[in-house]
Amino acid sequence: MKGTLITFEGSEGCGKSTQIELVCRYLRKKNKPILFVREPGGVKISEKVRNVLLDIRNAKMGSECETLLYMAARAQLVKEVIAPALKKGKIVLCDRFLDSTIAYQGYGNGVDIKAIERIGRFATQDIRPKMTFFFDIDAKKGLSRIQGRKKDRIERRTISYHNRVRQGYIQIARREPGRVKLINADQPKEEIFNIVKGHIDRLLKLR
Ligand code: T5A
């Protein structure tokens, strides 16, 4: 693949969407060929799966079904959009990717992490991010940032669930420090962006 996949991860309210927007603006100004997508979703079929996943009426959904639906949404997004864009040499910025399933369904819900990784390789065609930003914030503090919003099925989970997700991300970052950049998300947006920009500049050799 000629292109570069960069992913943005973290627990609820960590501010990753805010940072992606800043990165998109920065790379567009530099005339870089970028594609921005989000998970779950990004294409018609995956957006439909997203609605099923986040619908609070689906309270009965088991953790296996939930894991496979996230993977199904991902597989379609990769096939339809991410793989072709990477083949063309684009910089693909993805709001969540396989690490989300490892953190939320694996560490959060107790689904076997080895199984998630195995299915993940199938769903992603073994496409891996060159760099991943993990915006780390205390779970309670993150949730308080999105207090005004209507909560979806995942956001409604207990604080101990969200703490496990955060700890899961910390484990992932520890295991792969070369790929995963752990950034303290409890600081002003501009300061976070400066750190992100530094990593992006080095990765894409912009300076
Ligand atoms: N999920 C997803 C799984 O369980 N498994 C999976 O495999 C995948 C892919 C997706 C849900 O699905 C789960 C995770 C999620 O629960 P979503 O609606 O796409 O749901 O939600 P999120 O991915 O969580 O994205 P959001 O856009 O809602 O949240 P972000 O990215 O954390 O935050 P953002 O940037 O919108 O910021 C939140 C608020 O904080 C402010 C912003 O202005 C905003 O109001 N903010 C800051 N405030 C203070 N200081 C800063 N530095 C700030 N940065 C942002």
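Given the structure is predicted, the values throughout are model-derived calculations rather than measurements.

A few points about the overall build of the protein chain
Then, number 1: Each helix and strand counted, the protein chain has eight helices and five strands in total.
Then, number 2: Along the protein chain, helices (α) and strands (β) appear in the sequence β-α-β-α-α-β-α-α-β-α-α-β-α when read from the amino end.
Then, number 3: In summary, the protein chain has a C-alpha radius of gyration of 16 Å against a globular reference of 17 Å for 207 residues, a match within 12%.
Then, number 4: Out of the 207 residues belonging to the protein chain, those deemed buried represent 54%.
Then, number 5: For the protein chain, the exposed area adds up to about 10700 Å²; of that, 51% sits on carbon and sulfur atoms.

Re the pattern of salt bridges
If charged atoms from side chains of opposite charge come close, those side chains can pair.
Then, number 1: A full pass over the atoms with the stated rule returns 14 salt bridges.
Then, number 2: In this structure, E117 and K114 form a salt bridge, with 4.0 Å as the shortest nitrogen-oxygen distance. In this pair, E117 and K114 both sit in helix α5 (residues 113-123), three residues apart, roughly one turn of the helix.
Then, number 3: The partner of D186 in a salt bridge is K141, and the shortest N-O contact between them spans 3.1 Å. Residue D186 is found in the loop between β5 (180-184) and α8 (189-204), and its partner K141 is found in helix α6 (residues 139-145); the two are separated by 45 residues along the sequence.
Then, number 4: On the accessibility criterion, D186 (39% relative accessible area) is partly exposed.
Then, number 5: Via salt bridges that share partners, E66, R153 and R157 belong to a single interconnected network.

Thoughts on the site of the ligand
Then, number 1: Around the ligand there are 28 residues in total, and S17, T18, R96, T101 and R149 lie nearest to it.
Then, number 2: Between the ligand and the protein, one listed contact pairs a nitrogen atom with a side-chain N or O atom of Q105 at 2.8 Å.
Then, number 3: Relative to its unbound accessible surface of 1000 Å², the ligand loses 83% to contact with the protein.
Then, number 4: Those elements that place two or more of their residues in the shell around the ligand are α1 (16-29), α2 (44-54), α3 (63-87), α4 (98-107) and α8.
Then, number 5: Tallying contributions element by element places α4 first for the shell around the ligand, with four residues.

Cut-offs used in this document
- Residues numbered from 1 in each chain as written.
- Predicted model: local features only at pLDDT ≥ 70, side-chain atom pairs only at ≥ 80, totals over all residues.
- Heavy atoms only, no water.
- Helix = DSSP H or I, 4+ residues; strand = E, 2+ residues; numbered from the N terminus.
- Rg over C-alpha atoms; globule rule 2.2 N^0.38 Å.
- Buried < 20%, exposed > 50% of the residue type's maximum accessible area, 1.4 Å probe, protein only.
- Areas by Shrake-Rupley, 256 points an atom, 1.4 Å probe, with all protein chains shown as cover.
- Salt bridge = Lys/Arg side-chain N within 4 Å of Asp/Glu carboxyl O.
- Near = heavy atom within 4 Å.
- Polar contact = N/O pair within 3.5 Å; in protein donor to acceptor, adjacent residues only side chain to side chain.

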